[in-house]
Structure formats: structure tokens, C-alpha cells
Amino acid sequence: MLNLIFLFPGLTLLLLCFFKRQEVVRWISLLGSILQLLFVLSLLSFYLQDVKLINASTTLYESSLPWFKTLNLNYHTGVDGIGLAMILLTAIISFTGVLASWNISLKPREFYFNLFLLSTGAYGFFIAQDLFTLFFFLEIAIIPKFLLISIWGSGKHIASANKLVLMLMAGSAMILVSMLGIYYNGSHCFDISVIAKNGLPVKVQQILFPLLFTGFGIFTAMFPFHTWVPDGHSSAPTAASMFLSGISMKMGAYGCLRVAMALMPQAAINQAWIFLTLALIGVLYAAFATVRQTDLKYINAYSSISHTSLVLIGILAMNATALNGAVMQMFSHGIMTALFFALIGMIYGRTHTRIVSEMSGLQKVLPFIGTAFIIAGLCSLGLPGLSGFPSEAKIFFGSYAADGHFIHLITIFSILSIVITAVYILRMSGSVIFGPLSNEFSPLKDGSWYEKYLIVILVGTIIFVGIYPTWISDLIQYGVNNIMLQIKDHSVAVVPHGILNI
Amino acid sequence: MNISDILILRQEFFLFGILILLLLYKLVASNSSINRGIIFGINILMAINIIMGFLNTSYGNLFGGMFQSNATIVLEKNLLAIGTLIICMQASDWTNTFKNNVEYYFILIATLLGMDIMISSGHFTIFYIGFELASLPLAALVSFNKAEKSSAEAGIKMILMSGFSSCILLFGISLLYGLSGTLLFDKMVAIHFDGSLSVLAFLFIFAGFGFKLSIVPFHLWTADVYEGAPINVTSFLSVISKSATVFIFLTILYKVFGSFNTTWIYALSLTTVFSITIGNLFALRQTNLKRFLAFSSIAQAGFILLGMISGSNLAMGSVLYFIFIYIFSNLAAFGVLGILHHQNGKDSILDLSGLYKRNPFLGIVMVLAMLSLAGVPPTAGFFGKFFLLNSAMSKGYYLITAIAVLNMIISLYYYLRIVRIIFTDATEEQSLITAGSWLGKLSLVFCIIGIIAIGFIGDLFEYFNYLSFGI
């Protein structure tokens, strides 16, 4: 049943092959993404019913098909709470991504084809229960990004696309090598649950964990490997930016959690301090870097790095609350950043500039877009009542509750980022949205119907998660329990060995 | 010689029959006009050749073990036959432009016959006969375009190089005979090679193969010959000739030198690393598509060697599987290139610009071929590369695997550059391109099906793996 998730994207991809005109292909894409969103919502409701019946936090709807028998490679899929939250995120962003690129005129069919290929890769990645399947879908999602940026991008898009694809491929190369290492030093299979059950020798973990975590970390824009993000986002078309930071960066974080942490908990405990430090540098450095940016897309790109580094801190704290917060942050940041990029795209489409100092007083002519912009900004700085607050609060509470002084220090320093976020968000929205309106912007028109739909859906999700966070945190908790069981089997307490053990 | 012996030799007899038929046709046909019917006939005959190869299953040894046939060898012959059929289909447009078109097919099929004999050999004499039959006609093919100076130059380079490599190979074989006192593969399996003379013998034989496989440091002829030769010959050189050499090299490496594996691992590892790295680095700078594909094929040959290193059953299965995929991916690229060259007479990378707009079908085929060569899923190339890396990792060659993986990233850069150029519209107005005759189109459709479907049919790999052998 779970494999039906490929039905609507697959059908849409197939239909797109036969039509060429913009008016037709955009309706096909919209219909396909709406149906997919409905499918994902019904999957969600089925899951919530079934999981209560079984009353256990296991992977549901598992199915396994043999792929290469001699090597014990299977096409093994299944879903739990974390995967489902990510699938929901993907479905929402694909839907709004189609709306955001409603007026694309250059090769519209190929544009939508790449979008759907990208989201198909993401769906497959999030339901994969076998490392080979997971890697297969991870790689499927890379090439569409390259094409989206290099064909439909602007500015120095060719260099950015090359940088992005080479860095991501370097990440996936690390994942590939460590995957094969896991295979031959473990139980000679790629099945995630089997590997987790049998465990890996600690020596192997010590070598493969940093490789694997860095590999996925490149996708997540972990500190020294974050440089593809600002360039990639600034050159990408709107929908591609939404996909990149909304889905693609989350795929990396999901991999860090589901593969690196869950399969190699021993090494994760020993080496967490390295990656915690890197993540902290990422949080603070990117936040400070954001303050100095003048381009709206660069601002959002750097703030994405800062926010996803918080996810990494939440994951590395290895505490149920922090983990829950991290996944919630993945969801909430995905929605928030997609909204931001969509709004930036709308503003750029009207003013033809993305430089903050060249815009002011847009609220007077674009009240709808301006209000949404403010909401997205407030969500980013963690205002209670919006989705950013519960997720970041959970990360901070959880990681402060973890044992060891090192993680406490990390938490305290990372909380500082909230203040810096407030600085850049308030400065940016103050100068772009409020203030006097210059004459050249006075004839601008507010959002058209598809833009309003997009804004309503994304803002609605942000507010819904903000005022009623329990439903998504409950959903995530089913998956977190699952992973905590795997980690707890091997660990006693989270103490960074050898460093700063005050 | 009874009927069962003939059945064992059925592919060789059939190819020989085609050759005789073509000779007779040359006698009776008028020399003044171009006959297109015979080309179609040849394609049909080659298709029958493939079907026949799959249908009949009689195996055995002939001439006291000098000629062998078993399921593995028949499979290898079938792979070569599939590739040759695709090349024949792609060549039809080009050959129909001149009068001696039958000669192209005659030489091509003669070469294929030589390869079949070479693969089936169980004795170094038969092997050498097949090897020469597979090498000498190639030089004639390379200089087939008599009017062009570059083609003749490439022919001269080819004949000199293959002459050298044959000499070196023959010297290696003679050393081997001095060491073991026999030339039968099956008897050599039992002999344990040791000492410096064995090393020398292996190195000479390896160098001889190295020229045909165009691996570094024996690759210097490759780019010039590939550039000078007509495209439908270049594709034959880079796909079929290389695959046939890999097949017999695998047999000799695993059977004859099986006990010598602790030594040849060093030679293979070094050449693997150099081939992949140098092939990639040179491919980065190329502006001519044929030269580009030449260097990319050097890197791919390095990957094939990487798969061989571990010497297990899995290794051979992975190599066969990779070659099966490589045939489709590379021939798709060459097929598109051939059509372009036939219509514009140009073959620089920039001439591909806007290909997707000028002819969407050709654009898509080229993009899929590039992605498959780069090893990006969901194309079959990903699975091929994955299994090669997997086989090297299975015996713990971490360093070489890591170098190969790094090189995959480099190679992605230049393959994706071509993908981008295909989708980018050129500023100047460029003419539309027609997709050529239906035979050419059909061959490209075969290639697309191969590129997309092979990875998802897991049983294919099982089959290749089942028919493989290790040391």
C-alpha cells in the first residue's frame, strides 16, 4: 500500500511527457500534486489509526521485494512517524512549489518534470528501510537540482549548479563508501533494522560514523560544508529554492538521524562533541553572516544554515525530547523557509530587485504578501503561537536535559542565535515591509489567486503547528521511540568522552 | 566432425556464412549503384545470429580443448553480437552514402568472427589467431574514410600500435610457454607461477592487452585514433573491441594466472588508479566529442579493471554486468553523435548546444547516455558502477575504491556539462536535426530501453553472476 505513494507522481511524470503547452502542463502538475497531498493526508490518518491499534512504535506498512538476491539487496519500504512527517512536508512543498512556479514560461514541461522527479526521489528516500533503496532515491534527487538551477537559474547559476552538484555528490560518495563498509563489516545486508539489531563492531563505527555523518551533513549544510547553500539558493528559481531548503536539506538531517545515529550509536556517543561543535559554529556563524547580507535570498539561505544546524544539535543530543524537537524543527523550518522563498520570489517578480536597501514600504501596496512576510519572519525568530517556537524550545529543553556539561554549554551558546535571528529578521522586515513607499513601487499589485492559495496553505500550516503542536509531536514521537530504543540498547549516558568533561 | 560439433561452432559458422554471402554478393552486384537492400539484409542476419545464440544450448570442447564453449562464453558472444547489431543499425545511414558500403559490414563481421574465436579459445595459439583476426581488420576499418587525411593517419597509428601490442603479447606467451611447457589454458591452471620470469611473462601479456583495452599507460593511441576514425568505427573500437578483450583477459587472468593473483594485484591496482584518474583529468579539458568519449572510455576501462581486482565470482559477474550496460550507454552516445556528424559534419561539444530543442528525442537519448556513463540513478550505469565498487570492497580494497569514488565525482562534472549544454539554447539560430532512418532510431530505442530497464531487472545480475567464475 505504501508504494502507492509513487502512483500520482509517476502518473504526473508520464502525463507530462505528452503535453507541452504551459496552460496544460501546469494544470496537470497542480492536479497531480493536489492528489498526492490528499493521498499523503489519508496515509497519515490511516497511520494514526493503525498505530493506536497496535499500540507500539514500529515501522508500519512494510513491504520488501528482492532486487539483487545474491547480494541480499532488497527494495524494502516502510514508514514511521518521522518518515511520515517528512513525507507530509514533501507533499505540501511540492504542491506549493507548483503554485509558486505558475508563470514559468521557459520550458514549463521540463521544469515541472524536474520538480516531480525531485519530489519522487524525496518520497522514496523517506520511506526507504534499506540502505541501498535509500541511497538510490537520494541520488535520484540530485540531478534535477542541477538541471533546475543551471537551466532556469539566474545570476552565476552555472557555477552555483556545479558547486552544488559536486558537493552533494561528494557527500553521497562518502555515504556510498561507508554504506559498503557497513555491508562488509556487519551482517552482509543493507536492511536498516537488521543492521541496527545485529550492531556493528565499535572499531568499524569509529571509522564509518564520521564519514557517514559528514556525508549526510553536506546535504544538511553542516558548517565547513555549507558553502553550496547560499550560492545554490540565490541562483535557483523560486520553486527550486523551496525544494532545496525545504526538502533537500531535510533529507540530509533525516539521514544523519536514521542512518548515522541509529546504526552507529556507540561512535555517535564518542564523537558527538566534534559534530556538536561544528553544528554550534554553524548556528552562530551563519546567524552572524546573515546580519551582514543585503540580498533577500542570501539572508534566507544563511538563516536556513543556522536553523538546520540547530536540527543537528537536537539530533546529536540523543535525548527523546531534543530528537522530537529536531524533527519538528525540520518540519517547521521546511514550511517556513519555503514560504520565505516563495514570498521573496513574489517580491522579486514585482520589484525586480532582491536588495533590502532598495525596497521599502511594500506593506502599503502588497498587504497580503507583506503580512505573510512578517508572519514567516516571526516564525523564524521563534514567536510563540507559530511553529518555530515549540520546535526550537523542544530542542533547547531536550539538549539541556541531556547529561554532560559540554552539551549544556553548546545549548547555552546556541540559544544566543535567537537574539541574532531577531536582529536580522526585524531589520529586514522593517526595511522591506514598513517605512515610506517609494514612487517606483506604488503601481505594484498584490498577490494573484495562486499566490494567495500558496500563502494561505503555508501560513495556515505554520499557525496550526504553532497553536496545536501536540498532533505533530505525537506523530513524531512514534518514530522517536523507535529510534531511541535502538540507541538506548547500546548507550548508557550521553557524555562526551575526553573533552570538557567538567 | 559431426553435427554436435557444428552446433558448438554455430556462431562462428554463421558469421562465416554471412562473410561468404557478402563476397558472393560483391561478385554479382553491379558496381555502379548503392544497394540499400543488402544493408537491411545484413541487419536481419545479425539479429538471427543473436536469436540463434540464445536458443541453442550445446556446449563442449573441440580440438582437444583448444576451442571451448560453455554458457559463459556463449553469453559473452551474445553480448558482442547485440552490440554489433546496434552498430550495424546505426551505421546504415552513413554507409548508404558510398558505393563500397558492403565492405564496411564485411570487415566488421570478420572482426566479430575473430573476437568469437578469441573468446572461445582454450589454447594460446587459437587465442592468438583470434586476436589477430580481431585486430588487423580494425586498422582497415579505421582508415575506411579514404578521402580523409585524418582517417588514414589514424589507420596508420592503429596498425603500428596493434602490431606492437601483438609482438609484446606474443613474447609474453613465449615466455609463458618456456615456464610451463604447455599452451593449453586448462593445463596451465594447475601450474603455480613464481619468480621473476613469471612476472616478466605476465607483464608482457598484460601490456599486450593493455593496448587493446586502452588503459594507462598504454592509452596514448586512443584519442588520436578515436578522433580520426569514422564514428561508427570508433563506437566499435570503444565498445565491442574493448569488451571482447575484457572477456578473454578475464579468462586468462583468472584461469592461467589464477595462482599468481598476489602479484598481478599490484599491476592491476596501479593501472586502475592511473586509468581512472588520467582518463578523467584529460576528459575534463576536451572540446571534441570523440576525443572526450575516448578519454571517458579510458576511465571506464579503469573501472572495469577495478571490478576485476578482487578475483572472485562476484567480480566477474559485476564486470560482465557492467559491460552489458556499457554497451547500451556508450552506443547510445555514439549513435547520437553519428547522426549529428552525418548531418552537420561537426563533432565538437558545443555543437550539441540546444540539441534538446532541435531534436528532443536525440537530446533525451544523449542525456540518458551521459547520466548512465556517469553512474547516476535511475539509469543502469549506477547499478553497474555500484557493483564494480562493491566487488572491490568485498575483498577490502578501501583505498582504491575511495579513489574511484572520488573520480566518479570528477567525471560527473564533465558528463553534466554536456547535459547542461544539451538543454541550453544557443544564441545563434541553429537548424533542426532529423533523427535519421528508422533503423538508427530503432537502435537508439533499444539503447534507451537498456539504459532504463537493466537496473530494475535484478535477475539479470543473478544470471551473470551465476555464469561467472572466480580464481
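Please refer to the structure higher up on the page.
Draft legend 1. Fine view of the overall build of chain A. Scanning chain A from N- to C-terminus turns up 20 helices and two strands. The proportion of buried residues among the 502 residues of chain A is 67%. For chain A, long-range pairs separated by at least 24 residues make up 81% of all intrachain contacts whose partners lie at least 6 apart in sequence. Side chains of chain A give 24 positive and 18 negative charges; the mean places of these two sets differ by 6 Å.

Draft legend 2. Just the pairing of strand β1 (residues 60-68) of chain A, in detail. Residue and element names in this part refer to chain A. Note that β1 and strand β2 (residues 73-79) share six bridges and pair antiparallel. The residue of β2 that forms the bridge with Ser 64 is His 76. With antiparallel pairing between neighbouring strands as the criterion, β1 and β2 make up a hairpin whose turn holds four residues, including Asn 72 at a positive phi of roughly 65°.

Draft legend 3. Geometry of the packing of aromatic side chains. All names here are of chain A. Scanning the entire structure with this criterion turns up 83 aromatic pairs over all chains. Each ring, one from Phe 209 and one from Phe 275, has its centre 5.8 Å from the other, and the planes form 85°; the classification is edge-to-face. A residue pair is termed long-range when its members are at least 10 positions apart, and Phe 209 in helix α9 (residues 202-220) and Phe 275 in helix α12 (residues 265-292) qualify at 66 residues. Of the two residues examined, Phe 209 and Phe 275, each falls in the buried class.

Draft legend 4. Structural detail: the side chain of Thr308(A). Mapped onto the secondary structure, Thr308(A) falls in helix α13 (residues 296-316). A distance of 2.6 Å separates a polar atom in the side chain of Thr308(A) from the backbone oxygen of Ser304(A).

Draft legend 5. The pattern of salt bridges, seen in detail. Residue and element names in this part refer to chain B. Applying the stated criterion across every chain yields a total of 15 salt bridges over all chains. Between Lys 26 and Glu 103 there is a salt bridge, and its shortest N-O distance comes to 3.8 Å. Taken together, the residues Lys 26 in helix α2 (residues 10-28) and Glu 103 in helix α5 (residues 101-120) connect sequence positions 77 residues apart.

Draft legend 6. Focus on the interface of chain A and chain B. Taken residue by residue, the interface counts 34 residues in chain A and 33 residues in chain B. For the pairing of chain A and chain B, the buried interface totals around 3,100 Å² over both sides, and the portion due to carbon and sulfur atoms is 76%. The interface formed by chain A and chain B contains one salt bridge. Its salt-bridge partner being Asp459(B), residue Lys69(A) comes within 2.9 Å of it at the nearest N-O pair. Taken together, the links from chain A to chain B amount to eight residue pairs in polar contact (both at pLDDT 80 or more). Mapped by element, the contributors of at least two residues to the side of chain A that touches chain B are β1, α4 (108-127), α5 (131-140), α6 (142-152) and α7 (157-185) of chain A. Ranked by the residues each element gives to the side of chain A that touches chain B, the list is headed by α7(A), at 14 residues. Among the residues forming the side of chain A that touches chain B, the class breakdown is 24 nonpolar, five polar and five charged.

Draft legend 7. Structural detail: the packing of helix α3 (residues 37-55) of chain B against helix α4 (residues 71-95) of chain B. Residue and element names in this part refer to chain B. In contact at an axis separation of 9 Å, α3 and α4 are set at 165° when each is read in the N-to-C sense. One element, α3, and the other, α4, form an angle in the roughly antiparallel class. Handedness of the α3/α4 crossing: left-handed. Residues Ile 39, Asn 43, Met 46, Ala 47, Asn 49, Ile 50, Gly 53 and Phe 54 of α3 pack against Val 74, Asn 78, Ala 81, Ile 82, Thr 84, Leu 85, Cys 88, Met 89, Ser 92 and Thr 95 of α4.

Draft legend 8. Molecular detail of a nonpolar patch on the surface. Residues and elements named next belong to chain A. Taken together, Met 1, Leu 4, Leu 7, Leu 11, Leu 14, Leu 15, Phe 18, Phe 19 and Phe 46 make up a surface patch of nonpolar side chains, about 880 Å² in accessible area. The element best represented in the nonpolar patch is helix α1 (residues 7-16), accounting for four residues. Mapping Phe 19 onto the fold places it in the loop between α1 and α2 (22-54).

Draft legend 9. Structural context of the environment of Ser448(A). Along the chain, the position of Ser448(A) falls in the loop between α18 (405-433) and α19 (449-467). Taking the C-alpha atoms as reference points, Ser448(A) and Phe368(A), separated by 80 residues in sequence, lie 10.0 Å from one another.

Draft legend 10. Geometry of unusual backbone geometry. In this structure, the amide linkage connecting Val216(B) to the following residue, Pro217(B), adopts the cis form with an omega of 5°. Tracing the chain through its elements places Pro217(B) in the loop between α9 (196-213) and α10 (220-228). In the segment running from Pro377(B) into Pro378(B), the intervening peptide bond is cis, with an omega of 5°. Mapping Pro378(B) onto the fold places it in the loop between α16 (360-374) and α17 (380-394). Notably, Lys107(A) is not glycine yet its phi reads approximately 40°, a positive angle. For Lys107(A), the position within the fold is in the loop between α3 (81-100) and α4. Among the residues examined, Lys107(A) registers a relative accessible area of 14% and is labelled buried. Here the phi dihedral of His188(A) falls at roughly 55°; this positive angle occurs in a residue that is not glycine. The residue His188(A) is located in the loop between α7 and α8 (192-198) in this model. What makes His188(A) partly exposed here is its relative accessible area of 40%.

Draft legend 11. A look at the environment of Leu323(A). Here Leu323(A) lies in helix α14 (residues 320-351). With 109 residues separating them along the chain, Leu323(A) and Thr214(A) place their C-alpha atoms 19 Å apart.

Draft legend 12. Seen up close, the packing of helix α14 (residues 313-344) of chain B against helix α19 (residues 438-453) of chain B. All names here are of chain B. Direction vectors running N to C along α14 and α19 enclose 150°, while the axes themselves pass 9 Å from each other. With respect to α19, the element α14 is oriented roughly antiparallel. Along this stretch, α14 crosses α19, giving a crossing that reads as left-handed. For the pair α14 and α19, the contacting residues are Phe 328, Ser 329, Leu 331, Ala 332, Gly 335, Val 336 and Ile 339 in the first and Leu 444, Phe 446, Cys 447, Gly 450 and Ile 451 in the second. Partitioning the contact of α14 with α19 into residue classes produces nine nonpolar, three polar and no charged.

Draft legend 13. Local environment of α4(A). Between its first and last C-alpha atoms α4(A) spans 29 Å; for 20 residues at 1.5 Å apiece the expected length is 28 Å, and the two agree. Judged by how many residues are buried, α4(A) sits mostly within the fold: 18 of 20 residues are covered.

Draft legend 14. Layout of the state of the cysteines. Summed over the entire model, instances satisfying the criterion amount to zero disulfides over all chains. Considering cysteine sulfurs only, Cys447(B) is the nearest to Cys17(A), which forms no disulfide, with 19 Å between them. There is no disulfide at Cys447(B), and the cysteine sulfur nearest it, in Cys88(B), is 13 Å away.

Draft legend 15. Quick peek at the environment of Gln90(B). All names here are of chain B. Secondary-structure assignment places Gln 90 in helix α4. Under the relative-accessibility criterion, Gln 90 is labelled buried at 10%. As for Gln 90 and Ile 48, which are separated by 42 residues in sequence, their C-alpha atoms are 17 Å apart. Once you skip the residues sitting within four places of it in the chain, Gln 90 turns out to touch Asn 232, Leu 331, Gly 335, Ser 443, Leu 444 and Cys 447. Reaching out from Gln 90, the side chain makes a polar contact with the backbone oxygen of Leu 331 at a distance of 3.0 Å.

Draft legend 16. Geometry of α9(B). All names here are of chain B. Along its 18 residues, α9 runs 25 Å from first to last C-alpha, staying within 8% of the 26 Å computed at 1.5 Å per residue. Those residues of α9 that sit buried are Ser 198, Ala 201, Phe 202, Ile 205, Phe 206, Ala 207, Gly 208, Phe 209, Gly 210, Phe 211, Lys 212 and Leu 213. Its buried side turned inward, α9 meets α6 (124-142), α7 (149-180), α10, α11 (231-256), α12 (261-284) and α13 (289-308). Backbone geometry just after α9 places Ser 214 at a positive phi near 50°.

Basis of the calculations
For every chain, the first residue of the written sequence is number 1, and numbering continues from 1 along that sequence. Each chain is given a letter, starting from A, and each ligand a number, starting from 1, according to the order in which they appear as written. Thresholds applied to this predicted model are a pLDDT of at least 70 for local features of residues and 80 or more for the giving and counting of side-chain atom pairs; totals over whole chains, interfaces and linings are not thresholded and use all residues. The basis for the side-chain values is all heavy atoms of the structure; hydrogens and waters are excluded. Secondary structure elements are defined from DSSP: runs of H or I of at least 4 residues count as helices, runs of E of at least 2 residues count as strands, and each element is numbered from the N terminus. Three labels apply to residues, based on accessible area from a 1.4 Å probe with only protein chains included: buried if under 20% of the type maximum, exposed if over 50%, partly exposed otherwise in between. Should any heavy atoms of two residues lie within 4.5 Å, those residues are counted as being in contact. Only four residue types enter the charge count: Lys and Arg as positive, Asp and Glu as negative, with His and the chain ends excluded. The atom standing in for a charge is NZ when the residue is Lys, CZ when it is Arg, CG when it is Asp and CD when it is Glu. Each pair of strands is called paired provided DSSP finds at least two bridges between the two strands. Two aromatic rings, drawn from Phe, Tyr or Trp (for Trp, its six-membered ring), form a pair once their centres lie within 6.5 Å of each other, and the interplanar angle then sorts them: stacked below 30 degrees, edge-to-face above 60, tilted otherwise. Think of a polar contact as two N or O atoms within 3.5 Å of one another; within protein, one of them needs to be a possible hydrogen donor and the other a possible acceptor, and neighboring residues in sequence only count if both atoms come from side chains. A carboxyl oxygen of Asp or Glu within 4 Å of a side-chain nitrogen of Lys or Arg is what we treat as a salt bridge. Accessible area that two parts lose when put together, with a 1.4 Å probe and added across both, is what the buried area reports. Gly is placed with the polar residues, together with every amino acid not listed as nonpolar (Ala, Val, Leu, Ile, Met, Phe, Trp, Tyr, Cys and Pro) or charged (Asp, Glu, Lys and Arg). The axes are straight lines fitted to the C-alpha atoms, using for helices just the contacting stretch, and the angles between their N-to-C directions are given from 0 to 180°. Throughout this description, any angle smaller than 35 degrees is read as roughly parallel, any larger than 145 degrees as roughly antiparallel, any in the 65 to 115 degree range as roughly perpendicular, and the remainder as oblique. Throughout, a crossing is termed right-handed when the near helix is turned clockwise from the far one, and left-handed when it is turned anticlockwise from it by less than a right angle. Patch building starts from residues that exceed 30% relative accessible area and form no salt bridge, then joins like charges within 9 Å and nonpolar side chains (Val, Leu, Ile, Met, Phe, Trp, Tyr) within 5 Å. The Shrake-Rupley method, run with a 1.4 Å probe, gives the accessible areas here. Residue values count only the displayed protein chains as cover. Here, expected helix span is obtained from the residue count minus one, scaled by 1.5 Å. For this text, the term disulfide refers to a pair of cysteine sulfurs within 2.5 Å.

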